[in-house]
Amino acid sequence: MDFELTQAQLDLQQRARTFIYTEVLPHYRSWPITVPEYGPELKGHLLAKLQDYGLAKLVVPKAYGGQGLGAMEDVIVLTEFAKSPRRLPGAIFAPWPVLYEASEAIKARYLYPVLEGKTSWSMCFTEPEAGSDLARIRTTAVRKGDHYVINGRKMWRTGHHVASYTAVAAVTDPQKGHKGISVFLVDNDSKGFEKVRDIPVISRQWGVEQEVKLDDVVVPAENLLGREGDGFSIAQHQFNRFRLRLGGLALGMAERSQELAIEYATTREVFGGKLGDNQAIQWMLTDSQYDIESIRWNTYYAAWMVDRGGYSAARLQASMVKAYCIDAGLRVIDRAMQILGGRGLAIDDYPFSDFYNHLRLRTQMEGSTEIMKIVMAREILGKGGRAAG
């Protein structure tokens, strides 16, 4: 077993780190808080820089103009990106892998524009009465000739600000439970597909979620992702992708927080010495380093598993990353805030508040910590299960 990154991975990591520390961290305070507020000039500048540094379309297959890299490279780069309290624009990864198997007409409408950075995608699976138990969703999709008619209500539509379409989960066969769920690509300007309300959330840079309703929304049959009944497996694959990436997110935020805490502890003068001379501060930094290394190796191992056996083979590891790494990252950020005292509470001077609130948001998304433990227990006991998060 080799614990070293390859030279190519180290080079990629250094490019991503240089990009963040040169092009982002010195400047982000002058930027708007959320990506949808970025003007065309800023977006264009950042997208061009991502290209210059070789950091665009990392996991998009080479046949589609991407770099064709794996899960390990994805989390390595995301770790560096996460050190900024501002998110970056652009299509960093393809929306739904099943789209690569779709017809050319569907690719032209929903895949290629995302890969080219012309638009993005959103998704809504959760409903007012159905979240972690995906089999409880009540939104229906009824086949009528060459189209489906969708009716229902959805909570937490994510990514709608810059999206032209939404992946919607709906029941196509109510007799089959979670095996009767399908996923459809619904154009956001479809008649009957309407916003009910905006839902501001705890994370500034995340922005606003939405509650939406679908009243007799007509969707072409070709907009069905995969086959009828594939929705639950498609959702699981997507959630496992997201859960693994959260390890990179937690690692980057924790590393940056620790870096700022060490810098402060070694320069701040208190009681005739440095703040870091105090054992209480030393122990906090030590505990944080332990958490950081635990996040790193949980995430790297899960990525290694994915690159060798795919996301379905690493469901346990992805769930472990989601359950453990976010909580560990929150601990590191909290300690850094404590070490900096009052300064740690300044939301514009330091990134701790943005980091903490964003990670706290992600404890609920893609499956809560408690659901992750249920998933892990079922995997350990060989029972599988239907909890999708």
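The preceding data block contains the structure.
Residues numbered from 1 in each chain as written. Predicted model: local features only at pLDDT ≥ 70, side-chain atom pairs only at ≥ 80, totals over all residues. Heavy atoms only, no water.

### Considering the overall build of the protein
- Assigned secondary structure in the protein consists of 9 helices and 10 strands.
- Computed over the C-alpha atoms, the radius of gyration of the protein is 22 Å, within 12% of the 21 Å expected from 2.2 N^0.38 for a compact globule of 389 residues.
- The principal-axis extents of the C-alpha atoms in the protein amount to approximately 80 × 50 × 45 Å.
- Out of the 389 residues belonging to the protein, those deemed buried represent 54%.
- Taking the intrachain contacts of the protein between residues at least 6 apart in sequence as the baseline, contacts between residues at least 24 apart amount to 73%.
- Element-wise, carbon and sulfur atoms account for 52% of the exposed surface of the protein, whose accessible area totals about 17600 Å².
- Each charge class in the protein can be summarised by its mean position, and for the 47 positive and 46 negative side chains these summaries are 3 Å apart. (Helix = DSSP H or I, 4+ residues; strand = E, 2+ residues; numbered from the N terminus. Rg over C-alpha atoms; globule rule 2.2 N^0.38 Å. Buried < 20%, exposed > 50% of the residue type's maximum accessible area, 1.4 Å probe, protein only. Contact = heavy atoms within 4.5 Å. Areas by Shrake-Rupley, 256 points an atom, 1.4 Å probe, with all protein chains shown as cover. Lys, Arg positive; Asp, Glu negative; His and termini not counted. Charge placed at Lys NZ, Arg CZ, Asp CG, Glu CD.)

### Things to note about the packing of helix α1 (residues 7-24) against helix α3 (residues 71-81)
- Interhelical geometry of α1 versus α3 gives an angle of 25° and a closest axis separation of 8 Å. One way to sum up the angle between α1 and α3 is to call them roughly parallel. Like other packed secondary-structure pairs, α1 and α3 cross with a definite hand, here right-handed. Listed contacts from α3 to Q9, L12, Q13, A16, R17, F19 and I20 of α1 are M72, E73, I76, V77, E80 and F81.
- Across the contact of α1 with α3, the residue classes break down as 8 nonpolar, 2 polar and 3 charged. (Axes fitted to C-alpha atoms, helices over the stretch in contact; angles between N-to-C directions. Parallel < 35°, antiparallel > 145°, perpendicular 65-115°, else oblique. Left-handed = near helix turned anticlockwise from the far one by under 90°. Nonpolar A, V, L, I, M, F, W, Y, C, P; charged D, E, K, R; others polar.)

### Some thoughts on the packing of α3 against helix α6 (residues 279-309)
- One way to put it is that α3 packs onto α6 with a least axis distance of 7 Å and a crossing angle of 150°. Judged on the interaxial angle alone, α6 and α3 are roughly antiparallel. Where α3 approaches α6, its residues A71, M72, E73, V75 and I76 are matched on the opposing element by T299, Y300, A303, W304, V306 and D307.
- For the contact of α3 with α6, the residue count by class is 8 nonpolar, 1 polar and 2 charged.

### Overview of the nonpolar core
- Among the nonpolar cores identified, the biggest contains 45 residues, and L244, I339, F352 and L359 are the most heavily contacted of them.
- Here this core gets 11 residues from one element, more than from any other, and that element is helix α5 (residues 231-265).
- Non-local contacts of L359, meaning those with residues more than four positions away in its chain, are made with L249, A250, M253, I326, G329, L330 and I333.
- By size, the runner-up hydrophobic cluster in this structure holds 28 residues, among which are Y110, L111, F232 and F239. (Core = buried A, V, L, I, M, F, W, Y, C linked by side-chain atoms within 4.5 Å.)

### A short note on the layout of surface pockets
- The computed volume of the second largest pocket comes to approximately 430 Å³.
- Lining the second largest pocket are 15 residues; nearest its centre among them are D2, F3, M72, Y300 and W304.
- Mapped onto the lining of the second largest pocket, the elements with two or more residues apiece are α3 and α6.
- Ranked by residue count, the leading element in the lining of the second largest pocket is α6, at 6 residues.
- When the residues that make up the lining of the second largest pocket are grouped by side-chain class, the tally is 8 nonpolar, 2 polar and 5 charged. (1 Å grid on protein atoms, 1.4 Å probe; cavity = no way out; pocket = protein on both sides within 12 Å on 5 of 7 lines; lining within 4 Å. Points joined across faces, edges and corners; volume = space filled by probe spheres on them.)

### Side note on the packing of aromatic side chains
- All told, the structure shown has 13 aromatic pairs when counted by the stated rule.
- Ring geometry for Y64 and Y112: centres 6.3 Å apart, planes at 35°, overall tilted. Note that Y64 is positioned in the loop between α2 (40-52) and α3 and Y112 in helix α4 (residues 104-115), a separation of 48 residues in sequence.
- Grouped by ring-pair contacts, the aromatic residues F3, W297 and Y300 constitute a single cluster. (Phe/Tyr/Trp six-rings, centres within 6.5 Å; stacked < 30°, edge-to-face > 60°.)

### With respect to the pairing of strand β7 (residues 208-220)
- Pairing analysis gives 8 bridges linking strand β3 (residues 147-157) to β7, with the strands arranged antiparallel. In the sheet register, I150 faces β7, and the bridge partner there is V217.
- As defined by bridge partners, strand β6 (residues 193-200) adjoins β7 across 7 bridges and the pair is classed as antiparallel. Bridge assignment links R197 to a residue of β7, and that residue is E211. (Pairing = 2+ DSSP bridges.)

### A look at the environment of L50
- Inspection of the secondary structure puts L50 in helix α2.
- Taking relative accessible area as the criterion, L50 reaches 2% and is therefore assigned buried.
- Sequence-wise, L50 and A102 are 52 residues apart; in three dimensions their C-alpha atoms are separated by 28 Å.

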